[in-house]
Amino acid sequence: MFNPFAKLSRRGEGSIVWNNRLKMYDQIVLSRTMLGGGGWNFNPNRNEADVFVLRGVVVQSGARRGYPQRSYVGNRYTAGASDHLPVYIVIGE
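Computed from a predicted model, the values in this text were never measured in an experiment.

Analysis parameters
Residues numbered from 1 in each chain as written. Predicted model: local features only at pLDDT ≥ 70, side-chain atom pairs only at ≥ 80, totals over all residues. Heavy atoms only, no water. Core = buried A, V, L, I, M, F, W, Y, C linked by side-chain atoms within 4.5 Å. Buried < 20%, exposed > 50% of the residue type's maximum accessible area, 1.4 Å probe, protein only. Contact = heavy atoms within 4.5 Å. Patch = residues over 30% accessible without salt bridge, like charges linked within 9 Å, V, L, I, M, F, W, Y side chains within 5 Å. Areas by Shrake-Rupley, 256 points an atom, 1.4 Å probe, with all protein chains shown as cover. Salt bridge = Lys/Arg side-chain N within 4 Å of Asp/Glu carboxyl O. Helix = DSSP H or I, 4+ residues; strand = E, 2+ residues; numbered from the N terminus.

Caption draft 1: Quick peek at the nonpolar core. Counting 10 residues, the largest nonpolar core consists of Phe5, Leu8, Met24, Leu30, Phe42, Ala49, Val51, Val58, Leu85 and Val87. Apart from the residues within four sequence positions on either side, Met24 is in contact with Phe5, Leu8, Ser9, Glu13, Gly14, Ser15 and Val51.

Caption draft 2: Highlighting a nonpolar patch on the surface. On the surface, a cluster of nonpolar side chains totalling about 340 Å² of accessible area is made up of Phe52, Leu54, Tyr88 and Val90. Along the polypeptide, Leu54 turns up in the loop between β3 (49–51) and β4 (72–73). We classify Leu54 as partly exposed; its relative accessible area is 46%.

Caption draft 3: Region of the structure containing unusual backbone geometry. Even without being a glycine, Asn19 presents a positive backbone phi close to 55°. For Asn19, the position within the fold is in the loop between β1 (16–18) and β2 (21–23). Despite not being glycine, Ala79 has its phi angle at roughly 65°, a positive value. On the basis of relative accessibility, which here comes to 56%, the residue Ala79 falls in the exposed class.

Distances and angles like these do not, on their own, reveal function.
Structural data, given as structure tokens:
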């Protein structure tokens with residue numbers, strides 16, 4: 001198995017905030033057959049795995065700037081999407 005998000009985690013990037021620190025909780029793990037050969041492939045030598053960060057998905061100001069925009073903080077609805085940021089990979093033929 002190959003985890004393309006391990007390098008991002010070592011750099012301190014993440015998909016969720018826990019105890020005021022980013023953690024790489026959400027990941028996509030690939031089998032070795034996805035790394036080469038026929039069919040769909042993932043190239044680990046290119047930056048084809050990342051955390052999707054877009055305005056509206058993260059808090060833009062205040063003490064929680066850069067944190068995922070949660071749906072609820074306690075029992076207060078904040079109109080966010082999730083406390084996790086989405087992750088993605090790019091695959092090709």
